[in-house]
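# Breakdown of the fold
So you can see what is in the structure, the chains are spelled out below.
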Amino acid sequence: MAFDKRRELLFIYSVKDANPNGDPLNANHPRYDAETSRVLVSDVRIKRTIRDQWIKDGFHVFVDGEAKTLKGRIDELKQDLNVKSGREALGKCIDTRLFGVTYAHDKESFSWTGPVQFKWGRSLHRAKAELIQGTAAFATKEGAEQRSFRNEYIIPFVLIAVYGIANQYASKDTGATEQDVDEVKKALWKGTTNLITRSKVGHAPRVLIEIMYQSGFDGAVGSLDEKVKLLSKDGTELTEDQEYSLRSPKEFILDIYSLVERMSNIKNSVEKVSLITDTETKIKGLDELVEVLGKKLVHEVR
């Protein structure tokens, strides 16, 4: 049964001494807004984190990260799921139910708009990429006395905010359920923790806020990522130098007061707010959020 309650989500995570999202067309340099000095992360990268966790958790996904043809992947799914059509196979994949798909193969063609969509992630402060050089494992040719060199980019530290929204109307076409949407939140937090590869180790989930609205409500706070900001440890605005020099959650406070203020205007349409925080990130506005939402707020510290 399709879900009927709109949701909004704000996910904030840190990256230390790693590459959040390399651009393959730019020597794998971290994606970056040169005008604002903010680090960017594509929605595709966020969805990959989620999908990878779903695979670990035993869900069927359409895009499994392997290099395969459409025909090859669909044939695999038809066999594994014991179905005869592409529509049936994709209807059993959690990623296509939530993120949508455009499908054209053999005599079948259809397009589903995904109920769950993400903006590009953007850092909450200025940051710089550093080029790290080192030696490779092997020489470039037989008889050479020196090994070749390698270059890679890392971000010393960055805090990234990602906004997502679940559209209940689109779920009627894909069949996405309330339980499916629940798995997005779980996979974001857990999947970020499980980004344990050489280029991604150093990722850590910090804050996750999910707003679930009452049935029939089709509004939204909107762009939750733009309603939070960082302050220095003493509660003042960060200077440009301080932004670049951040290296730990102990060096800033996350100010959510603007978000709380906006939520107070639509609190009667809110059914529940789930808040997950880590043990290191300090939040300004948390007491006000409790005051606005009361028992509608469920807070978990991990």
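Here is what the cut-offs are and how they apply
Residues numbered from 1 in each chain as written. Predicted model: local features only at pLDDT ≥ 70, side-chain atom pairs only at ≥ 80, totals over all residues. Heavy atoms only, no water. Core = buried A, V, L, I, M, F, W, Y, C linked by side-chain atoms within 4.5 Å. Buried < 20%, exposed > 50% of the residue type's maximum accessible area, 1.4 Å probe, protein only. Helix = DSSP H or I, 4+ residues; strand = E, 2+ residues; numbered from the N terminus. Contact = heavy atoms within 4.5 Å. Pairing = 2+ DSSP bridges. Axes fitted to C-alpha atoms, helices over the stretch in contact; angles between N-to-C directions. Phe/Tyr/Trp six-rings, centres within 6.5 Å; stacked < 30°, edge-to-face > 60°. Lys NZ or Arg CZ within 6 Å of the ring centre and 35° of its normal. Salt bridge = Lys/Arg side-chain N within 4 Å of Asp/Glu carboxyl O. Polar contact = N/O pair within 3.5 Å; in protein donor to acceptor, adjacent residues only side chain to side chain. Parallel < 35°, antiparallel > 145°, perpendicular 65-115°, else oblique. Nonpolar A, V, L, I, M, F, W, Y, C, P; charged D, E, K, R; others polar. Expected span 1.5 Å × (residues − 1). Bend = angle between axes of the 7 residues up to and from the residue.

### Description of the nonpolar core
One finds I12, I211, L254 and L289 to be the most contacted residues of the largest nonpolar core, which totals 33 residues. Residue assignment for this core shows that the elements contributing at least two residues are β1 (7-18), β11 (149-166), β12 (203-213), α8 (257-264), β15 (270-277) and α9 (286-293). Setting aside its immediate chain neighbours within four residues, L254 contacts I12, L124, V207, V228, K229, L230, T281, K282, I283 and K284. With 31 residues, the next largest nonpolar core counts F3, Y13, L98 and L188 among its residues.

### Focus on the sheet that holds strand β16 (residues 282-284)
Read across the open sheet, the three strands follow the order β13-β14-β16; overall the sheet is mixed. Looking at which strands have only one partner, the edges of the open sheet turn out to be β13 (229-231) and β16. In this sheet, adjacent strand axes meet at a mean angle of 35° when their direction is disregarded. As paired strands, β13 and strand β14 (residues 253-255) are joined by three bridges and run antiparallel to one another. Each residue of the ladder has a partner; that of K229, found in β14, is D255.

### Examining unusual backbone geometry
Trans peptide bonds make up most of the peptide bonds, and negative phi angles are found at most residues other than glycine. One non-glycine residue with positive phi stands out, namely A27, at about 55°. Here A27 lies in the loop between β2 (22-23) and β3 (29-30). Phi is positive for S37, close to 60°, though the residue is something other than glycine. The buried category is assigned to S37, whose relative accessible area is 12%.

### Quick notes on the pairing of β1
Burial analysis of β1 places ten of its twelve residues in the buried class, the great majority of the element. Relative to β12, β1 runs antiparallel, the two sharing nine bridges. Following the sheet pairing, E8 is matched in β12 by I211. Where β1 lies against β11, eleven bridges are found, and the strand directions are antiparallel. Its bridge partner being in β11, L9 is matched across the sheet by G164.

### Examining the pairing of β12
The element β12 is largely enclosed, with a buried count of eleven among its eleven residues. As defined by bridge partners, β12 adjoins β15 across seven bridges and the pair is classed as antiparallel. Paired with I211 across the two strands is V273, which belongs to β15.

### Comments concerning the packing of aromatic side chains
Here the structure, examined in full by the defined rule, presents eight aromatic pairs. Plain terms: the ring middles of W54 and F99 are 5.6 Å apart, the flat faces sit at 25° to each other, and that makes the pair stacked. Of this pair, W54 sits in helix α1 (residues 43-56) while F99 sits in helix α4 (residues 94-99); the two residues are 45 residues apart in sequence, bridging distant segments of the chain. Of the two residues, W54 and F99, neither departs from the other in class, the shared state being buried. By the ring-pair criterion, three or more aromatic residues cluster together here, those being F11, Y13 and W189. Sitting over the face of the ring of F110, R87 holds its NZ or CZ atom 4.2 Å from the ring centroid. One Lys or Arg, K128, reaches over the ring of Y244 and ends 4.9 Å from the middle of that ring.

### Quick word on the pattern of salt bridges
Taken as a whole and assessed by the stated rule, the structure comprises 26 salt bridges. Note that R73 and D64 form a salt bridge whose closest N and O atoms lie 3.8 Å from each other. The pair formed by R73 and D64 is uniform in burial state, with each residue classed as buried. What emerges from the salt-bridge pattern is a single network uniting R7, E178, D182, K185 and E210.

### Details of the side chain of R73
Checked against the element boundaries, R73 lands in helix α2 (residues 70-81). Side-chain polar atoms of R73 contact the side chain of E76, separated by 2.8 Å. Excluding residues within four positions of it along the chain, R73 makes contact with V61, F62, D64 and K68.

### With respect to the packing of α1 against helix α6 (residues 178-193)
The geometry of α1 relative to α6 is characterised by a closest axis approach of 8 Å and an angle of 95° between their N-to-C directions. As the angle between them shows, α1 and α6 are arranged roughly perpendicular. Together, I46, T49, I50, Q53 and W54 of α1 and E183, V184, A187, L188, K190, G191 and T192 of α6 make up the contact between the two elements. For the contact of α1 with α6, the residue count by class is six nonpolar, four polar and two charged.

### Quick notes on α6
Here α6 is 16 residues long and its end C-alpha atoms lie 24 Å apart, about the 22 Å a rise of 1.5 Å per residue gives. Where α6 bends most, the angle comes to about 30°, and this point is A187. Along α6, the residues that are buried comprise E178, D180, V181, E183, V184, K185, A187, L188, W189, G191 and T192.

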